[in-house]
Amino acid sequence: MTLPDSGGRFGEYGGRFAPETLMDTLTELEKAFLEAWADPDFKSEYHRLLADFVGRPSPLFAADRLSDRIGVRVLFKREDLNHTGAHKINNTIGQALLAQRMGKPRIIAETGAGQHGVATATAAALLGMRCQVYMGSKDIARQALNVYRMELLGTEVIPVTTGARTLKDAVSEAMRDWVASAGDTHYIIGSVVGPHPFPLSVREFQKVIGEELEEQLAGTPVDLIVACVGGGSNAIGIFFPFIGTEVELVGVEAGGEGIESGRHGASLSHGRPGVLHGAHTYLLQDEEGQVLEAHSASAGLDYPGVGPEHAYFKDAGLVRYESVTDVEALEAFHLVGELEGIIPALESAHAVAWVVREAKVLAGKTVVINMSGRGDKDVEQIREMEGG
Ligand SMILES: *Cc1c(COP(=O)(O)O)cnc(C)c1O
């Protein structure tokens, strides 16, 4: 696996579509990342923090009661047990260490619902770095608890009042800040998106999930690995070591209110290629190429773009991309709670929902589902949605 190429391209996707003023910063970052990642001391510090601070390796758990119910042998890769409750911390710890190595004391990030903001604030506190997080004012109002969490961790949350005042606008504002501040500031992006080298570095920090899985399976055959896809980082993280092997890989996008409704987040299965946030990739867009808003009950999947490497995997037929609706994900959310004693993140419930829907076709097979996060953050929203 030699992609991306030196231009940060995965086939025709990816690249570096950034303002002239950021080009040197991105080149410097690429060089610093490649050097750090080849340095055994950097890697061992990264893995030490993943072990002692995050709690890795995350267990591989046989979901026996769910397996009996649906007639498919299901294993969960338990990223929900990581410190801060999801896979995002694997990336933020790596990126913060990189910033420290580059001598940049200030961290900025964007956040939608606040999950990436909290994971970034956590890494910044751990390493004693100054941290500011851009967040749409609409999201700030909806996610007051995560705003407070970031503040408890010593991070300042900066409201974004442009555009729809949500995630896409927060990314744009964070990039604008970085153009002016790159001398002392590192930008920690929340998924395998953005201009080169981010899709590469985030993948490298997340592939620990798949590498652990390989070891935990110890040669036991599995038929499929299934993960939800927002920007695509937990999916790439678990898929990466299995690309091009016998194992079938399935990415599950947000079908939202149903594909026909037009209100969904399925950029790979129902979008078209275009440029957003520095990369050429599949996007939700209208006839004129205007980027559309994504819709999903699950905040982590509510993004109109997707990592460029997934666009490449899709066209090359290396990964299959499907979608499930909000309603299907909610049913799976309940099923996992009742049968396994695990309340999954609504994002992760999308991956479970696809397996449940396809159970007849998958009968007798062994499937690993990436349990990308825990659902504590979703409980209040779901209680309200269900009128509880
Ligand atoms: C953010 C998030 C996602 C979606 O992001 P990816 O980059 O697609 O992994 C999925 N699950 C959880 C729990 C998240 O917090």
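See above for the structure.
Residues numbered from 1 in each chain as written. Predicted model: local features only at pLDDT ≥ 70, side-chain atom pairs only at ≥ 80, totals over all residues. Heavy atoms only, no water.

### Focus on the overall build of the chain
When its secondary structure is counted, the chain shows 17 helices and 14 strands. Its C-alpha atoms give the chain a radius of gyration of 19 Å, near enough to 21 Å, the size a compact globule of 388 residues would have. The buried share among the 388 residues of the chain stands at 60%. In the chain, the proportion of contacts linking residues at least 24 apart, taken out of those at least 6 apart, comes to 72%. Carbon and sulfur atoms form 50% of the exposed surface of the chain, whose accessible area is close to 15,100 Å². (Helix = DSSP H or I, 4+ residues; strand = E, 2+ residues; numbered from the N terminus. Rg over C-alpha atoms; globule rule 2.2 N^0.38 Å. Buried < 20%, exposed > 50% of the residue type's maximum accessible area, 1.4 Å probe, protein only. Contact = heavy atoms within 4.5 Å. Areas by Shrake-Rupley, 256 points an atom, 1.4 Å probe, with all protein chains shown as cover.)

### Some points on the pattern of salt bridges
Under the counting rule described, the total for this entry stands at 25 salt bridges. Taking the shortest distance from any N to any O, the salt bridge between R48 and E45 comes out at 3.1 Å. Here R48 and its partner E45 are both found in helix α2 (residues 40-54), three residues apart, which amounts to about one turn of the helix. Judged by relative accessible area, which is 41%, R48 ranks as partly exposed. Classification of E45 by relative accessible area gives partly exposed; the value is 29%. One network of salt bridges, with partners in common, ties together R203, E204, K207, E211 and E309. (Salt bridge = Lys/Arg side-chain N within 4 Å of Asp/Glu carboxyl O.)

### As for the site of the ligand
Surveying the vicinity of the ligand reveals 16 residues, the closest of which are K88, S191, G230, G232 and S233. In this structure, a nitrogen atom belonging to the ligand sits 2.8 Å away from a side-chain N or O atom of S372. Expressed as a share of its isolated accessible area of 390 Å², the protein-covered part of the ligand is 97%. Partitioning the shell around the ligand into residue classes produces four nonpolar, 10 polar and two charged. (Near = heavy atom within 4 Å. Polar contact = N/O pair within 3.5 Å; in protein donor to acceptor, adjacent residues only side chain to side chain. Nonpolar A, V, L, I, M, F, W, Y, C, P; charged D, E, K, R; others polar.)

### A look at the sheet that holds strand β14 (residues 366-371)
The strands that make up a sheet are held in pairs by hydrogen bonds between backbone atoms, and each pair lies either parallel or antiparallel. Strand order in the open sheet formed by six strands is β3-β4-β14-β9-β10-β13, and the pairing between neighbours is mixed. Two strands in the sheet have a free side with no partner beyond their single neighbour: β3 (60-62) and β13 (320-325). Neighbour-to-neighbour, the strand axes of this sheet turn through a mean angle of 30°, independent of strand direction. Here strand β9 (residues 224-228) runs beside β14; their pairing, made up of three bridges, is parallel. (Pairing = 2+ DSSP bridges. Axes fitted to C-alpha atoms, helices over the stretch in contact; angles between N-to-C directions.)

### Quick look at the sheet that holds strand β7 (residues 156-160)
Taken together, the four strands give an open sheet; going across it, the order is β7-β6-β5-β8, and neighbouring strands pair in parallel fashion. If you trace the sheet from one side to the other, it starts and ends with β7 and β8 (185-188), each paired once. Across the sheet, the mean angle from the axis of one strand to that of its neighbour is 25°, orientation sign disregarded. Docked against the sheet, helix α8 (residues 167-181) engages β5 (106-111), β6 (130-136), β7 and β8, running at close to 160° with respect to β5.

### Quick notes on the side chain of E79
When you line up the elements, E79 lands in the loop between β4 (73-78) and α4 (88-101). Residue class for E79 comes out buried when judged on its relative accessible area of 0%. Residues contacting E79, with those up to four places away along its chain left out, are R56, S58, G85, A86, H87, N90, I209, N370, M371 and S372.

### So, the side chain of E253
Among the secondary structure elements, E253 is positioned in strand β10 (residues 248-256). Buried and without a salt bridge, E253 has K314 as its closest oppositely charged side chain, separated by 7.1 Å. Of note is the side chain of E253, whose polar atom sits 3.2 Å from the backbone nitrogen of S267. Here E253 is in contact with V229, G265, A266, S267, L268, S269, E322, S323, V324 and H350, once residues within four sequence places are set aside. (Lys, Arg positive; Asp, Glu negative; His and termini not counted.)

### Things to note about the packing of α4 against helix α5 (residues 115-127)
Running from N to C, α4 and α5 point in directions that differ by 40°, and their axes come no closer than 9 Å. Judged on the interaxial angle alone, α5 and α4 are oblique. Remark: the crossing between α4 and α5 carries right-handed chirality. Only Q115, H116, A119, T120, T122, A123, L126 and L127 of α5 make contact with α4, whose side of the interface consists of K88, I89, N91, T92, I93, A96, L97 and Q100. Grouping the amino acids of the contact of α4 with α5 by side-chain chemistry returns eight nonpolar, seven polar and one charged. (Parallel < 35°, antiparallel > 145°, perpendicular 65-115°, else oblique. Left-handed = near helix turned anticlockwise from the far one by under 90°.)

### Here we look at a nonpolar patch on the surface
There is a patch of nonpolar side chains on the surface, built from Y148, L152 and L153 and spanning about 310 Å² of accessible area. Within the fold, Y148 resides in helix α7 (residues 144-152). (Patch = residues over 30% accessible without salt bridge, like charges linked within 9 Å, V, L, I, M, F, W, Y side chains within 5 Å.)

### Structural notes on the environment of R272
Turning to its location among the elements, R272 is positioned in strand β11 (residues 272-276). Residues contacting R272, with those up to four places away along its chain left out, are S267, T281, Y282, L283, Q285, D286 and E287. At a separation of 2.7 Å, a polar atom in the side chain of R272 contacts the main-chain carbonyl oxygen of D286.

### Here's the deal with helix α10 (residues 208-217)
When we look at burial in α10, the residues that qualify are V208, I209, G210, E212, L213 and L217. The first or second residue beyond α10 is A218, which carries a positive phi of 45°.

### Overview of the nonpolar core
Formed by 82 residues in total, the largest nonpolar core has its most connected members in W178, Y187, I225 and F239. It is helix α1 (residues 20-37) that provides the largest number of residues to this core, a total of seven residues. If near-sequence neighbours (up to four positions away) are discounted, W178 is found in contact with L22, T25, L26, L29, I108, T185, H186, Y187 and F198. Residues A329, L330, V336 and L346 belong to the second largest nonpolar core, which totals 33 residues. (Core = buried A, V, L, I, M, F, W, Y, C linked by side-chain atoms within 4.5 Å.)

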